[in-house]
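# What the coordinates show
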Amino acid sequence: MRAPPPPADPALVAAQYEAAPGIERLRELKESFAAGSPETVLAILDEAARFADDHLIALNDVGDAQGCRIVDGRVHTPPGHREAWAAFVEGGWPTLDLPEAEGGQGLPTALAFAVQELLDRACPAFGMIPVPTRSAARLIAAFADEAIRVEWMPRLASGEWTASICISEVDAGSDVMRMRTRAEPTGDGRWAITGEKQWISFGDHDLAPRIGHCLLARTAGSEGLSLFLVPDHTDGQRNAIVVRRIEEKMGLHASPTCALGFEGATGWLIGEEGRGLQQMFVMITNMRLATGAQGLGIAAAAAATALNYAADRKQGGRGPQPVPIDTHADVQRMLLDMTARVEILRGLVLATANQSDLAAHETDAEARADAAALAQWLLPIVKTTGGDFSFEVASSAIQVLGGAGYTREWPVEQGLRDARVLTIFEGTTGIQGLDLLHRRVRRGDGRGLACFLAAGRMAASAIPEGAALGRTLDLLEEAATALKAEEDMVAADAGATALLRLAQLAATGWIAARLAALPEDTPVHRRLVAAGRHWLAGLAPRATLAHAEALAGRAIVAGFDALHAER
Ligand SMILES: Cc1cc2nc3c(=O)[nH]c(=O)nc-3n(C[C@H](O)[C@H](O)[C@H](O)COP(=O)(O)OP(=O)(O)OC[C@H]3O[C@@H](n4cnc5c(N)ncnc54)[C@H](O)[C@@H]3O)c2cc1C
């Protein structure tokens with residue numbers, strides 16, 4: 001077995017949990033949130049880290065090497081996964097943040113994501129089982145009728161049954177509206193689902209006796225897409241769903257990415273016909289946040305591996321003996337950058353989760369609307385940052401390990417492979433940029449940006465190093481205003497991803513400023529302060545570049561026609 005990453009430090013995660021914006025207010029708002037006291041949170045995180053060590057670390061290796069396979073038409077997960085999932089369910093882990101009335105423990109969403117980081121740190125492929133299941137539970141709780149709720153909610157909440165998100169098709173990736181899967185009523189309250197779904201994570205497996213596919217399809221009665229629950233078993237029989245194949249892919253080998261054929265499969269309409277995509281956003285929102293947490297887990301493992309390796313590995317120095325490589329300024333630079341990315345991404349995931357809980361639980365309607373707008377503003381940013389930072393940190397970790405990092409003897413090359421898809425699934429970075437530009441900046445009422453700017457400016461004014469953040473926030477506001485007014489749609493779209501980058505720099509700067517403001521009273525806080533200051537030191541030049549790119553308009557794509565000589 002390869003060297004596993006160093007053990008996680010739950011105290012570090014807990015410190016960030018306590019520092020995340022919104023947590024104090026949440027504890028005031030709800031008894032079950034207050035029950036998540038600092039001591040309880042640390043105890044839960046300690047226990048989660050132990051679970052990850054005992055059950056998941058070894059799976060990461062086996063899963064990567066062996067992947068999943070199809071036996072007699074069903075997906076078999078690699079050795080150890082069934083036992084690990086059974087232990088996960090037995091331990092009550094899937095229930096953390098679901099409401100008590102639905103069989104959950106009613107703890108804050110942020111705590112579930114803090115735990116998720118520890119799972120993903122140990123084995124990011126395994127972490128992809130609970131996420132769609134928990135997200136589907138939220139969807140069912142929000143829209144399903146009584147009979148389905150009663151049947152599915154307790155089982156999804158406990159993890160006895162699992163769920164998948166079933167949207168993509170060959171011709172409907174980013175362009176969801178081109179989907180062709182059809183649903184026809186069968187006259188008995190059920191629907192027959194026919195079509196081919198592509199790239200469905202854990203679309204089939206041997207971990208649970210029942211899988212509920214949360215599936216979008218077309219109906220004759222509506223222009224819009226409709227949402228269906230399509231179980232892999234109905235009335236005690238296998239439903240008409242065929243696993244066509246498992247995709248061969250670069251990373252996340254233990255997560256079976258399935259092509260599924262629905263051959264008149266029985267399904268139940270969830271919510272309103274034609275409103276499926278809008279409803280599905282309850283699930284998508286949770287899954288995008290989970291992508292941030294998954295990136296965080298991968299990045300945290302890679303950064304910790306590199307930090308330890310660099311303290312051991314000896315090269316260079318002026319004396320007769322070589323010195324640890326972490327005494328070299330260039331290696332220190334890389335390690336600080338990696339640490340800063342990990343800590344800031346963690347802060348961003350927790351902050352976004354808290355805003356989504358505040359949006360549901362604030363007592364005042366205006367405060368609820370502010371929190372919802374801020375959560376919506378942060379969502380494409382945290383999703384993209386999870387993808388970007390995990391890849392960059394894994395890549396830097398390989399650099400710090402040198403030749404060893406490029407070999408399979410160390411886990412950081414797997415981290416790089418696993419991380420790569422995070423900027424693709426759950427909506428590519430390009431689509432997140434367009435979402436930010438069109439839905440939040442151009443068509444929106446500006447509330448999310450205004451709430452974010454206010455929070456950012458408050459954090460900037462609290463510390464001496466805050467000027468870099470202040471400048472970044474000004475640049476973001478200027479770029480957003482200019483792109484909102486832009487009439488040339490090609491020019492606006494050409495700047496969308498750069499606007500997202502600028503918003504990402506502003507959001508990471510916001511978290512960095514909050515970390516830099518912590519008292520340097522403990523080793524954990526000193527690390528967080530160092531991470532925050534380091535990130536702020538490099539912020540303004542990056543923001544200036546992103547601002548220029550966001551506003552460069554058609555100039556950015558001017559040379560494109562020259563790429564195809566025949567056009
Ligand atoms: C490992 C893995 C797991 C997955 N799991 C699931 C799952 O569980 N359920 C599910 O439903 N799907 C899943 N997917 C599918 C995933 O959501 C899609 O791959 C993703 O949405 C992108 O679609 P696409 O691959 O067709 O890329 P395309 O849509 O073809 O995009 C290719 C490129 O073109 C850009 N692009 C496309 N349209 C536009 C536009 N209008 N404007 C600007 N740029 C554009 C994109 O940004 C991207 O860079 C998974 C995919 C993978 C690889």
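The rules behind these values
- Residues numbered from 1 in each chain as written.
- Predicted model: local features only at pLDDT ≥ 70, side-chain atom pairs only at ≥ 80, totals over all residues.
- Heavy atoms only, no water.
- Salt bridge = Lys/Arg side-chain N within 4 Å of Asp/Glu carboxyl O.
- Buried < 20%, exposed > 50% of the residue type's maximum accessible area, 1.4 Å probe, protein only.
- Helix = DSSP H or I, 4+ residues; strand = E, 2+ residues; numbered from the N terminus.
- Near = heavy atom within 4 Å.
- Polar contact = N/O pair within 3.5 Å; in protein donor to acceptor, adjacent residues only side chain to side chain.
- Areas by Shrake-Rupley, 256 points an atom, 1.4 Å probe, with all protein chains shown as cover.
- 1 Å grid on protein atoms, 1.4 Å probe; cavity = no way out; pocket = protein on both sides within 12 Å on 5 of 7 lines; lining within 4 Å.
- Sits in = over half its atoms within 2 Å of the grid points.
- Expected span 1.5 Å × (residues − 1).
- Arc of directions from axis to C-beta.
- Axes fitted to C-alpha atoms, helices over the stretch in contact; angles between N-to-C directions.
- Parallel < 35°, antiparallel > 145°, perpendicular 65-115°, else oblique.
- Left-handed = near helix turned anticlockwise from the far one by under 90°.
- Contact = heavy atoms within 4.5 Å.
- Nonpolar A, V, L, I, M, F, W, Y, C, P; charged D, E, K, R; others polar.
- Phe/Tyr/Trp six-rings, centres within 6.5 Å; stacked < 30°, edge-to-face > 60°.
- Core = buried A, V, L, I, M, F, W, Y, C linked by side-chain atoms within 4.5 Å.

Overall, the coordinates contain 40 salt bridges when judged by the stated rule. Taking the shortest distance from any N to any O, the salt bridge between E18 and R27 comes out at 2.8 Å. R27 sits in the buried class, given a relative accessible area of 18%. Note that D64 is salt-bridged to R408, the shortest N-O span being 3.2 Å. A residue pair is termed long-range when its members are at least 10 positions apart, and D64 in helix α4 (residues 38-66) and R408 in the loop between α12 (403-406) and α13 (412-419) qualify at 344 residues.

Moving on, we come to the site of the ligand. The local shell around the ligand holds 19 residues, among which I165, S168, S174, W199 and T428 are the closest. One of the backbone nitrogen or oxygen atoms of I165 is found 2.8 Å away from a nitrogen atom of the ligand. Within the backbone of W199, an N or O atom sits 2.8 Å from a nitrogen atom of the ligand. Computed on the free molecule, the ligand has an accessible area of 970 Å², of which 62% lies beneath the protein chains in the complex. Among the detected pockets, the ligand sits in the largest pocket. Looking at the shell around the ligand, the elements that each hand over two or more residues are β3 (162-166), β5 (191-201) and α14 (429-442).

A few words now on helix α16 (residues 467-485). Helix length check: α16, at 19 residues, gives a terminal C-alpha distance of 27 Å against a target of 27 Å (1.5 Å per residue), a fit within 8%. Taken residue by residue, α16 has A468, L469, T472, L473, L475, L476, A479, A480 and L483 as its buried positions. What you see down the axis of α16 is that its buried residues fit within an arc of 160°, all on one side. More than 90 degrees from the buried face of α16, the exposed residues found are A467, T481 and A485.

The subject of this paragraph is unusual backbone geometry. With a phi angle near 60°, W199 is a residue other than glycine that sits in the positive phi range. For W199, the position within the fold is in strand β5. Look at W199 and you get partly exposed, because its relative accessible area is 45%.

Before going further, it helps to spend a moment on the packing of helix α9 (residues 276-312) against α13. Contact geometry of α9 with α13 gives a least axis separation of 10 Å together with a crossing angle of 160°. With respect to their mutual orientation, α9 and α13 come out roughly antiparallel. Considering how the two elements wind past one another, α9 and α13 form a crossing that is left-handed. Contact residues: I298, A302 and T305 in α9; V412, G415, D418 and A419 in α13. Here the contact of α9 with α13 is composed, by residue class, of four nonpolar, two polar and one charged.

This brings us to the packing of aromatic side chains. Following the criterion strictly, the structure yields 10 aromatic pairs and no others. A ring pair is formed by F389 and W535, whose centres lie 5.5 Å apart and whose planes are at 65°; its orientation type is edge-to-face. With a gap of 146 residues between them, F389 in helix α11 (residues 365-401) and W535 in helix α19 (residues 523-537) connect regions that are remote in the sequence. Looking at F389, the relative accessible area reads 4%, which means it is buried.

With that out of the way, let us pick up the nonpolar core. Among the nonpolar cores identified, the biggest contains 155 residues, and L56, M280, W377, V400, F452 and L476 are the most heavily contacted of them. Listed in part, the 18 residues of the second largest apolar core include A183, W191, V230 and I246.

Among the structural elements, A530 can be located in helix α19. Judged by its relative accessible area of 34%, A530 is partly exposed. For A530 and A512, which are 18 residues apart along the polypeptide, the C-alpha to C-alpha distance reads 9.4 Å.

Geometry only, nothing functional implied.
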